[in-house]
Amino acid sequence: MKKQDEIPVCKEGDFIMDQLVELTSKGCGCLLVIDEEYHLRGTFTDGDLRRTLKASGEAIFKLTVGEMCNRKPRSIGPEAMAVEAMQKMESPPSPLNAQVWSSVRVADKIYVMEEEKKNHTSYIRTLL
């Protein structure tokens, strides 16, 4: 499990050019797009980078990560069984309302441990 300081994060207003090292240096293949309180606002993967670069060309370097990120990653609680995780991956995305604490990469999936303050519950969000 990656700890908070090992997670590749950026802010919505960051330009992708400024975040390429963060995207590629931490071995996750994605950026977690967060706000000032570390709430997850979306994800941006290396695949998103390739698709946007193909569609936008050099104009990609004028776009912010927030303009290109996936704002609907799926999530699941830490007590859930693997079969529930697979069902959740195939279901519609859930809304974001949590704070990023850590991440885990398992078989090319990235999981982010989050804690929802208002309900005092922790859960794992599946990103890829």
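If you're wondering where the values come from, they're calculated on a predicted model, not measured in any experiment.

Parameters at a glance
- Residues numbered from 1 in each chain as written.
- Predicted model: local features only at pLDDT ≥ 70, side-chain atom pairs only at ≥ 80, totals over all residues.
- Heavy atoms only, no water.
- Pairing = 2+ DSSP bridges.
- Helix = DSSP H or I, 4+ residues; strand = E, 2+ residues; numbered from the N terminus.
- Axes fitted to C-alpha atoms, helices over the stretch in contact; angles between N-to-C directions.
- Contact = heavy atoms within 4.5 Å.

J.: An account of the sheet that holds strand β2 (residues 9-11) is requested, with residue identities and associated values reported.
T.: Overall, mixed pairing links the 3 strands, which are arranged β2-β3-β4 in an open sheet. For this open sheet the edge positions go to β2 and β4 (40-45), each flanked by a neighbour on one side alone. Neighbouring strand axes in the sheet, compared pairwise and without regard to direction, differ in orientation by 35 degrees on average. One ladder, built from 5 bridges, connects strand β3 (residues 30-34) with β4; its direction is antiparallel. Across the sheet, residue Cys 30 finds its bridge partner in β4, namely Thr 45. Sheet contacts for helix α1 (residues 16-25): β2, β3 and β4; angle to β3, the most-contacted strand, approximately 120 degrees.

J.: An account of the environment of Cys 30 is requested, with residue identities and associated values reported.
T.: With respect to the helices, strands and loops of the structure, Cys 30 is situated in strand β3. Between the C-alpha atoms of Cys 30 and Cys 69, which are 39 residues apart in sequence, the distance is 10.0 Å.

That's the geometry; what it means functionally is another story.
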